[in-house]
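# Residue-level structure breakdown
In case you want the letters, here they are:
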Amino acid sequence: MQVIPSLRDVVIVGAGPAGLTAAVYAARSLLAPVVIEKGLPGGQLNETDLIENWPGTGDAVPAPELMRALRRQAERLGAEIVQDEVVGIEPGAATHRVLTQRAAFEARAIILCPGSRPRDLDVPGAARLKGHGVSYCATCDGYFFRDRSIVVVGAGDSALMEALFLTRFASRVSVVVRHPKAAPHAVRASASMLRRAEENPKVEFLWDRSVEEIRGDAFVTAIRLRRLSTDAVEEVPADAVFVNIGRIPQTDFLRGAVELDDGYLVTDERLRTGVAGIFAAGDARRGADRYSQAIIAAGEGAMAALEVEQYLSRESLGVGSCGPAPVIVRGREVE
């Protein structure tokens, strides 16, 4: 493994909206950030066709185009983008080491922005039709299915919230639930959320069903469901299938290095982990995961970079540089 000889002020892990925004702010603070990304900079937004809710863009803009512009901005300001996969970090006292498949970077501070990914629906047709009627983000794509028939797969609070959001556009929203209506805890959502969904005239529940297949050639045309109590298979016409069966934070490489809660990075309100000099932002952070919005991740990236600048300034002045790391309990610092 090649050890990069120079000490960096800050290394940013991940180049989604959080990481790239952190790079913009860190570069403007003359911290010469290094951003390490294993895939295409832009993160999950590269898999979204159009984005309409990014402030100031006016008309809908292709999400990959928006992320390319953000990358160019970060690089113009002095950020370095390295395409490599981070396989671990080694926290230290004064500095930390970021290990990739090909190199090791020494840094005074780290911002962790690895992101998360939606839990995939593992049935025939789901992967092939992703972006062509299969979506994992109602706020991103719901607008494009006005007056259409939509199926939502998932029965938690976030799934029903998305179903209610989709009623603004769709003519009909059908929610697939694996359990019979009479079963205890058939729906994982709260009672108030379930009541709101049941009272909405556009929402119907397809109880006691599992998804067998998503059908369509170029676009989704139907979804095949199996009624679990009878084993009967039915085909329900649909123009879109929105999947909300959970998310997976991409933090396996951080186990044992920083505190995780069910895979999510634990921080205080200033985005500090329990290790001094290591910060976290974006969808993989506990707290931000409830939103899964690019603009939230970008805002956290800016916050993390500002916190890093303050942390390094204090360290260079010898203020608090030798003190212990903050103790984080359920995301809050304690004395």
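In the block above lies the structure referred to throughout.
Residues numbered from 1 in each chain as written. Predicted model: local features only at pLDDT ≥ 70, side-chain atom pairs only at ≥ 80, totals over all residues. Heavy atoms only, no water.

Looking now at the sheet that holds strand 15 (residues 222–227). One open sheet holds the 3 strands; their spatial order is 14-15-16, and the pairing between them is antiparallel. Edge positions in the sheet fall to strand 14 (209–215) and strand 16 (233–237), since each has one partner strand and no second. Pairs of neighbouring strands in the sheet enclose a mean axial angle of 30°, with direction left out of account. As judged from the 6 bridges shared by strand 14 and strand 15, these two strands associate in the antiparallel manner. (Pairing = 2+ DSSP bridges. Helix = DSSP H or I, 4+ residues; strand = E, 2+ residues; numbered from the N terminus. Axes fitted to C-alpha atoms, helices over the stretch in contact; angles between N-to-C directions.)

This part covers unusual backbone geometry. A positive phi angle, close to 60°, is found at D147, a residue other than glycine. With respect to the helices, strands and loops of the structure, D147 is situated in the loop between helix 3 (138–141) and strand 11 (149–153). One non-glycine residue, D208, lies in positive phi territory at about 60°. The residue D208 is located in the loop between strand 13 (203–206) and strand 14 in this model.

Two cysteines whose sulfur atoms are joined by a covalent bond form what is called a disulfide. Going through the model one piece at a time under the given rule, you end up with 1 disulfide. There is a disulfide in this structure between C137 and C140, and the S-S distance comes to 2.2 Å. For the disulfide bridge between C137 and C140, the dihedral angle about the S-S bond is near 70°, and by the sign convention the bridge is right-handed. Its sulfur unpaired, C113 is 18 Å from the next cysteine sulfur, which belongs to C140. We classify C113 as buried; its relative accessible area is 6%. (Disulfide = S-S within 2.5 Å. Buried < 20%, exposed > 50% of the residue type's maximum accessible area, 1.4 Å probe, protein only.)

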